[in-house]
Every structure is written in structure tokens, then in C-alpha cells.
Amino acid sequence: MAGNVMVEAVVLRQFSIANGRKMVVLLTDRYGKISTGMWERTKGKKTRTEVTAPFSHIRARIIARRNSYDLLHAEIVRTHYELGEDVEKYLYASYALELTDRVVSENVPVPEIFRLLSEFLDMLCARSGKYLTLLIAYEIHLLDQMGVRAELSHCVSCGRPDELQWFSVPDGGLLCRACRKKLSEKQQERLIYRVDFGIIRTIEYFMNHNLKTFRNAALKEQTAGKIQEVVRQYLAYHLDIRKLKSEGFLEEEQKNAGRSEHGDYIRKN
Ligand SMILES: [Zn+2]
């Protein structure tokens, strides 16, 4: 990076460090995830701290120092303030932000993931319910961008295209009945899910259509719950993510929503 440059970015998080300095972690359009330092201005009019609140889509001028970046100036493109006005939306957004922060390495350009995240936040703001469908679409596209797309057209073990009734998280795709039978009892218990044709076709549809397709789409609660369980295990296994901080809150929220409106919506099989 020569001199100072303008980037667009989504603010992933910020925290205070010593001497009135703040670190702002950004997912930028051109340089991927970067940590930038800025001076906290506690006096005066509108502080830059507000501009760099998490979820904000900003345009920022940054400059590369020897081991880090400085944030010289930032202005809002979209605040995504709607996320702060609805607890459920906020939890879904927090989860997506934390997930993205965890899977993306610093200083590796990921322009597609930047575009995906800002689109996801825009769409979440505009949506009035069924947030899980949108989150699943985001997660599936994120997995794709991270290069760990699941194999859904044939058995990952023998290659046959039919009798595909199981999804193996460790193997990264579908298993036919015969191959699943060959596994030991212990292996069968490990992250292998019974999936029907409808679930497989649904996941495939999500993979093959961009995020915008799901603007008005909504899965049935039970289907969404089942897919989310598989997707979460898949993310954890292939991208080495232990439980996210925001995940517990989100699960709690989903459980409450499930109890009041949809009975046993996230019940485990
Ligand atoms: Zn097979």
C-alpha cells in the first residue's frame, strides 16, 4: 500500500488500547481484514468513534505503518442502525459478524466476502422476519468463498449418484447407504446426518443462487433448523471454529421463538 488510500469497509469490532487510542478491526474491500489504530476524540462534536461502531459500512482513509495501519478519516456509507432496534436482528447480525471475523485471516484480500457481508447486513436491515433463512444463505456462501463447498451430487466415498441419504460433515458431502453401512458404529455416530432429498435440493439451491435471490425467501422453520444444525457443524469442523460468543445468545433466542410460535422448531433429532 503506497501512501494513504481510501477503502470501503464493514466495521467488525473496536476496542480501546492505551493512551486514548482505539483499534478498529475492518473488513475492507481491497485489503481484507485489517486492524487500524485511531485516536479517540472524546471532546468536540461528532466523534469518529460513532462512525466506527460495529456493523457500520464506512468509507475510510487509511495509511500503512510499519506493522499496522492508521485510520485517518472515516465517513458513513450505511450505519445499519436498524440492527440496534431489534434484538433478534441484532443477534443474527452479531453472529454473522463474529463468524466472519473468525474465519477470515488478517491481510488477505477477500473482496467477495466483503461484498457478501455488506449485502447480508443491508438485507437483514430491510427484512421483517425469518432471519434464519438469510443467515443460512450467508453461511453457505461464506463456506463457498472459503473453499470448503460440500459435495452434493454424488457419494464422496464411492462416487455413485443415487441412494444418497446421509451427509457426512468430516467427509465434506453426501454418503450413499452402502458406504455409510460400511462405517463402524463409532464412525456412524460422528457428525453424520440423515438427510432427505428435499434438504439436499434446498442446500444445493442455496449454493447455486446468490444472496439477493433470498431477499423474500423463507424456509419452513423445521427445514431451516435442520439445515442450520448441519451447516454449523460443517463450519466448525472445516474452518476450525469453536463455539462463538454470540452463538449461545442466538440459540436462546431461537429456542424462545420456537416455543412461542412453532413448537419444537430447533429440537434435535
Ligand atoms: Zn458410496
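Computed from a predicted model, the values in this text were never measured in an experiment.

The rules behind each value
Residues numbered from 1 in each chain as written. Predicted model: local features only at pLDDT ≥ 70, side-chain atom pairs only at ≥ 80, totals over all residues. Heavy atoms only, no water. 1 Å grid on protein atoms, 1.4 Å probe; cavity = no way out; pocket = protein on both sides within 12 Å on 5 of 7 lines; lining within 4 Å. Points joined across faces, edges and corners; volume = space filled by probe spheres on them. Helix = DSSP H or I, 4+ residues; strand = E, 2+ residues; numbered from the N terminus. Nonpolar A, V, L, I, M, F, W, Y, C, P; charged D, E, K, R; others polar. Axes fitted to C-alpha atoms, helices over the stretch in contact; angles between N-to-C directions. Parallel < 35°, antiparallel > 145°, perpendicular 65-115°, else oblique. Contact = heavy atoms within 4.5 Å. Phe/Tyr/Trp six-rings, centres within 6.5 Å; stacked < 30°, edge-to-face > 60°. Buried < 20%, exposed > 50% of the residue type's maximum accessible area, 1.4 Å probe, protein only.

A. Structural detail: the layout of surface pockets. One number sums up the size of the second largest pocket: a volume of about 390 Å³. Around the second largest pocket sit 14 residues that line it, and Leu12, Arg13, Ser94, Glu98 and Lys245 are the ones nearest its centre. The greatest single-element share of the lining of the second largest pocket, amounting to 7 residues, is contributed by helix α2 (residues 87–103). For the lining of the second largest pocket, the class distribution of residues is 7 nonpolar, 2 polar and 5 charged.

B. Examining the packing of helix α7 (residues 197–208) against helix α8 (residues 221–238) more closely. It is the contact of α7 with α8, at a shortest axis distance of 11 Å, that shows an interaxial angle of 70 degrees. Judged by the angle between their axes, α7 and α8 are roughly perpendicular. Note on element contacts: α8 touches α7 through Thr223, Lys226 and Ile227, opposite Ile199, Thr202 and Ile203. For the contact of α7 with α8, a count of residues per class yields 3 nonpolar, 2 polar and 1 charged.

C. How the structure looks around the packing of aromatic side chains. Applying the stated criterion to the full structure yields 6 aromatic pairs. Between Phe120 and Tyr138, the ring centres sit 4.8 Å apart and the planes meet at 35 degrees, which makes this aromatic pair tilted. With Phe120 in helix α3 (residues 111–126) and Tyr138 in helix α4 (residues 131–145), the pair connects residues that are 18 residues apart, well separated along the chain. We classify Phe120 as buried; its relative accessible area is 0%. Using a relative accessible area of 0% as the deciding quantity, one classes Tyr138 as buried. Pairing Phe206 with Phe214 gives two aromatic rings, centres 4.3 Å apart and planes at 20 degrees, and the pair type is stacked.

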